[in-house]
There are 2 protein chains.
Amino acid sequence: MSRIGNAQLKSKVMTAEEAAELINHGDKIGISGFTGAGYPKALPTAIANRAKEAHERGDDFMIDLFTGASTAPDCDGVLAEADAIRFRTPYQSDPILRSKINDGTTLYMDYHLSESGLYVEQGFFGKMNFAIVEAVRITEDGHIVPSSSIGNNVEYLDNAEKIIIEVNSWQSEELEGMADIYRINHLPNRQPIPITAPEQRIGSTYIDIDLDKVVAVVETDAPDRNAPFKPVDETSKKIAGHFLDFLEGEVAAGRLTYDGYIMQSGVGNVPNAVMAGLLDSKFENIKAYTEVIQDGMVDLIDAGKMTVASATSFSLSPEYAEKMNNEASRYAKQIILRPQQISNHPEVVRRLGLICTNGLIEADIYGNVNSTNVIGSRMMNGVGGSADFTRNGLISSFITPSDAKGGDISAIVPMVSHVDHTEQDVKVIITEYGYADLRGLAPRQKVEKMIALAHPDYRPLLEEYYERALKIAEEKKIMQTPHDLANALSFHQRFQETGSMKLS
Amino acid sequence: MSRIGNAQLKSKVMTAEEAAELINHGDKIGISGFTGAGYPKALPTAIANRAKEAHERGDDFMIDLFTGASTAPDCDGVLAEADAIRFRTPYQSDPILRSKINDGTTLYMDYHLSESGLYVEQGFFGKMNFAIVEAVRITEDGHIVPSSSIGNNVEYLDNAEKIIIEVNSWQSEELEGMADIYRINHLPNRQPIPITAPEQRIGSTYIDIDLDKVVAVVETDAPDRNAPFKPVDETSKKIAGHFLDFLEGEVAAGRLTYDGYIMQSGVGNVPNAVMAGLLDSKFENIKAYTEVIQDGMVDLIDAGKMTVASATSFSLSPEYAEKMNNEASRYAKQIILRPQQISNHPEVVRRLGLICTNGLIEADIYGNVNSTNVIGSRMMNGVGGSADFTRNGLISSFITPSDAKGGDISAIVPMVSHVDHTEQDVKVIITEYGYADLRGLAPRQKVEKMIALAHPDYRPLLEEYYERALKIAEEKKIMQTPHDLANALSFHQRFQETGSMKLS
């Protein structure tokens, strides 16, 4: 049976190449896609080819690309390779696009995921020309059943002048029912978002659109980007252990119960290890109100440890993606996919009392966190939703190995070279050496705890820095946040000069 | 007629000195008080005297002091002078306390005002020993009618083991009715906060307490700290003019209407100048959902320009404080005082679509903002509620003169020496030289706009810095946020060495 149930839209079926002809240089295009799930599979390559042809002719051809979050090599990757992206927001993690951002080809506005769709709605980017959104199917009424991510689909479909829909038959039709589409009223008529528990559904399973805006429907049959997670290594296991110790401490202090843990978790190998640790823990009836469903959460659901996972997208290994596609209707009882404005909304995050866990690039001795700019300048991926959750979560934690690049980069530095999470927001930091509970502490009280998290190779350097900083601060009576400004960024300078933060 | 209507509490009346005898070294004490309004007038001096006597005997005597926000010389000031404050949170602005923080005597946890009460509720500080709260009167039922600020009164009264009430007959009894006391349910039963417009009242006009926890009632008759605002100077007038230009631009772009402005405003002379500018503007039916009612808002109300002001406290000049005390029942129709957890709540701030305006210490060429630590180390006041509003406001702006200290400190620097507001959160910055609208821009696109805000004396230095940073970034392909790490903090280092950020 055709997946395009609406006659008007069926008449718009064409090839990706034909659809791409509708796109012009300079267009602002909002697409579906979040952590490699649910992005359009055909248009990006077709647009990239148009750009290449134009560039060969000596013509300009670049677009401004807005997504949910990261996409995939056959989306961000092909477009970046064709030098077709002038401006990109709000999040990416593609190696080629990253290099284009860092060589200056592409302008990148790294932005909070909860606000990026809102920003479009408010007109802060100007008029959006196109929305390109992947669907599982189009209903008779012309409603879109979204595929494996929701992201900013609603905001782009509502606000773009023209719509292109990709109907991807690779995506299981059983995904229908997972989505929970809810629109927040526009100002000045906004109402409370009525979510008081992660399992609540408050909207519809499809997106209603203005059919007259649809200029093309393209049929595809291509998989999401699904990369395997790394096997859990010793470092990740230790970090997971310390995280569990921290949770156990909260229970012991009477601030948490074994069935009261509501999880938000960033994506990656270390968070996945934490979830593996939870499998064997005393915690039960775990709920997730988070951005992304990853393998570890599926395991928790299968083990009966997790009752519900609310997110906006999947980030699964190929094996788990196949399982999800085969058993989507079963999982749909415990998995809800929401627009990212809702999955990450400060209002709901604050209300539910989340315990949040995200990764970081570096933290400093006072607990400020850099999640984005390596050595202050080079963009890694972006802030993503980490700030949406970190500021408003009940307890916001960060997990990281104590070093990177074979030991040449310390995750703990005297002063971070870029700040994404301020000292006020960062409550707990965890490395393989333990956890630092920073709650209720003034800056100077945090230092010893933070240095204890560092790799032993870096501890003497950090201690030496702090002693010098303290001496200056005592002398000048500037003791709130002692720093030795001449050496505050010395770890980073040394890395730039010698390739290592260590003394050579 | 007595202001203590309840017999049980009447039996607890004693002198401040007697009440202070109940306080022990090491106690955690949560008091009322916000921007110099509604703080206890007698106990602080009595506790300070106890501390002095203990210190003279060679005994330890220090308390951990929790407030709404800043208090006054006869509260923070006397306690700091007696070296009686071991730990202080969440906000202060007292000169003596500030010096004790910066000389290392007092540990200061600078914290978001919307979360500080919540932090106590969650037990993150451990057990609170005392709540000391100022009241206008105590009702027959033993309810407390709060005085000129609400702050964290509810959280401290609910969570402390013992309560001391100061009934201050200086405060007008007509303040009764202004307060709107609302408690958010505890986890896991939190519900949406039902505020959808600043004028909505959702609670009671008094605070109900556990009478058995009250160990003392002290009668006082002393004024709030009410400092005059400075007359509007030329620089402030220019800043106010640029702010209005920005608002007019939003109207012209169709993103704002002349009767759709909902204001949040930080406290100070420049914000007060902005309000004076609004008096003569085309904006009507202005509403405020903010922290503090200051003179300029009273003028807007009196002029019929502002229909409602919701806040948690007053910060008035002596003249305006007298007016408020005399005409409180009239103003109560347009003024609502809420707990600071509600006045600053991310949920409500985001929902209402506030245009937020706060001050800053320095901003960098990429729009990161430092609101707290002068030259990276020395605490000025604190982050206060600025981050509550800045992250969640519809448009978050910062206003500041381009320089300070007679020109020796530039408000625009290459890299801020401390970050309180990240590049993602800062939408507009305004100095006397214009406004920089940073919305929708990648970091490099912000630089020219930011340098144009700087004092002309600093512009060549900033341009030179950026050129050097750009050259390094081009060479190393780290173009997201170009920095020259060796000189990123050079303005600050120069100030520390020579007393000026200028080249000597």
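Residues numbered from 1 in each chain as written. Chains lettered and ligands numbered in written order. Predicted model: local features only at pLDDT ≥ 70, side-chain atom pairs only at ≥ 80, totals over all residues. Heavy atoms only, no water.

Engineer: Looking at this structure, how should I read the environment of B:Ser114?
Structural biologist: Within the secondary structure layout, B:Ser114 lies in helix α6 (residues 113-121). Each C-alpha atom of the pair B:Ser114 and B:Gln294 lies 19 Å from the other, and the pair is 180 residues apart in sequence. Look past the residues within four positions of B:Ser114 in its chain and what remains in contact with it is A:Arg350, B:Gln340, B:Gln341, B:Asn344, B:His345, B:Pro346 and B:Asp388. Only 2.7 Å separates the side chain of B:Ser114 from the side chain of B:Asp388, close enough to count as a polar contact. (Helix = DSSP H or I, 4+ residues; strand = E, 2+ residues; numbered from the N terminus. Contact = heavy atoms within 4.5 Å. Polar contact = N/O pair within 3.5 Å; in protein donor to acceptor, adjacent residues only side chain to side chain.)

Engineer: When you look at the UniProt feature "active site" (unreviewed entry) in chain A in this model, what are you seeing that I'm missing?
Structural biologist: Residues and elements named next belong to chain A. UniProt's entry tags Glu291 with the feature "active site" (unreviewed entry), counted in the numbering of this structure. Note that glutamate 291 resides in the loop between β10 (286-289) and β11 (292-294). If near-sequence neighbours (up to four positions away) are discounted, glutamate 291 is found in contact with Phe34, Leu113, Ala311, Thr312, Ser313, Asn344, Gly384, Gly385, Ser386 and Phe389. (UniProt positions renumbered as here; feature names shortened; annotations may be inferred.)

Engineer: Is there a simple way to think about the relation of the copies chain B and chain A in this case?
Structural biologist: Each of the two chain copies can be generated from the other by rotation about an axis followed by a shift along it. The transformation that overlays chain B on chain A combines an axial shift of 0.0 Å with a rotation of 180°, and the residual RMSD is 0.0 Å. Seen this way, the second copy is the image of the first under a two-fold rotation axis. In terms of C-alpha distance to the rotation axis, chain B has B:Glu347 as its closest residue, with the C-alpha 2.1 Å off the axis. (Least-squares fit on C-alpha atoms with pLDDT ≥ 70 in both.)

Engineer: Help me out: how do you make sense of the pairing of strand β1 (residues 28-31) of chain B in this one?
Structural biologist: Consecutive side chains of a regular strand alternate in pointing toward one face of the sheet and then the other. All names here are of chain B. Sheet topology places β1 next to strand β2 (residues 63-66); 3 bridges connect them, and they run parallel. The residue bridging isoleucine 29 from the neighbouring strand is leucine 65, located in β2. Viewed along the sheet, the connection from β1 through helix α3 (residues 43-57) into β2 turns out right-handed. In this structure, β1 lies alongside strand β5 (residues 128-138), joined through 3 bridges in parallel fashion. Its bridge partner lying in β5, isoleucine 31 is registered against isoleucine 132. (Pairing = 2+ DSSP bridges. Right-handed = clockwise from strand over helix to strand, strands pointing away.)

Engineer: What is the right way to read the UniProt feature "domain: Acetyl-CoA hydrolase/transferase C-terminal" (unreviewed entry) in chain A from this model?
Structural biologist: Using the residue numbers shown here, the UniProt feature "domain: Acetyl-CoA hydrolase/transferase C-terminal" (unreviewed entry) corresponds to residues 332-465 of chain A. Along residues 332-465 of chain A one finds 27% helix and 26% strand; the C-alpha atoms at either end are 52 Å apart.

Engineer: It is not clear to me how helix α17 (residues 459-476) of chain A should be interpreted in this structure. Could you clarify?
Structural biologist: In an α-helix there are 3.6 residues to a turn, and that puts residues three or four apart on one side. Residue and element names in this part refer to chain A. With 18 residues, α17 extends 26 Å between its outermost C-alpha atoms, agreeing within 8% with the 26 Å of an ideal straight helix rising 1.5 Å per residue. Listing the buried residues of α17 in full gives Leu461, Leu462, Tyr465, Tyr466, Ala469 and Ala473. Buried residues of α17, seen end-on, are gathered within an arc of 125° and therefore sit on one face of the element. Facing away from the buried surface of α17 by more than 90 degrees, the exposed residues are Glu467, Lys471 and Glu475. Looking at the buried positions of α17, the neighbouring elements they touch are β23 (412-413), α16 (443-453) and α18 (490-498). (Expected span 1.5 Å × (residues − 1). Buried < 20%, exposed > 50% of the residue type's maximum accessible area, 1.4 Å probe, protein only. Arc of directions from axis to C-beta.)

Engineer: What is the right way to look at the pairing of strand β15 (residues 355-358) of chain A in this model?
Structural biologist: Residue and element names in this part refer to chain A. Neither face of β15 is exposed, since Ile355 and Thr357 on one face and Cys356 and Asn358 on the opposite face are all buried. Where strand β9 (residues 262-265) meets β15, 3 bridges bridge the pair, whose relative direction is parallel. Bridged to serine 265 within β15 is threonine 357. When β15 meets strand β20 (residues 395-399), the two strands line up parallel, connected through 4 bridges. What sits directly across from asparagine 358, in β20, is phenylalanine 398.

Engineer: What is the right way to read helix α10 (residues 295-302) of chain B from this model?
Structural biologist: Summarising burial for α10(B): 6 of the 8 residues are buried, a large majority. Every buried residue of α10(B) is accounted for by B:Asp295, B:Gly296, B:Met297, B:Val298, B:Leu300 and B:Ile301.

Engineer: How do you make sense of the sheet that holds strand β24 (residues 428-431) of chain A when you look at a structure like this?
Structural biologist: Consider a sheet: its strands pair through backbone hydrogen bonds, and that pairing is either parallel or antiparallel. Residue and element names in this part refer to chain A. Taken together, 8 strands build an open sheet; the order of strands is β14-β12-β10-β9-β15-β20-β24-β25 and the sheet is mixed. The open sheet has two free edges, formed respectively by β14 (335-337) and β25 (434-437), since each of these has just one partner strand. Adjacent strand axes in the sheet meet at a mean angle of 20°, parallel and antiparallel pairs treated alike. The sheet strands contacting α16 are β24 and β25, and the helix crosses β25 at an angle near 160°. (Axes fitted to C-alpha atoms, helices over the stretch in contact; angles between N-to-C directions.)

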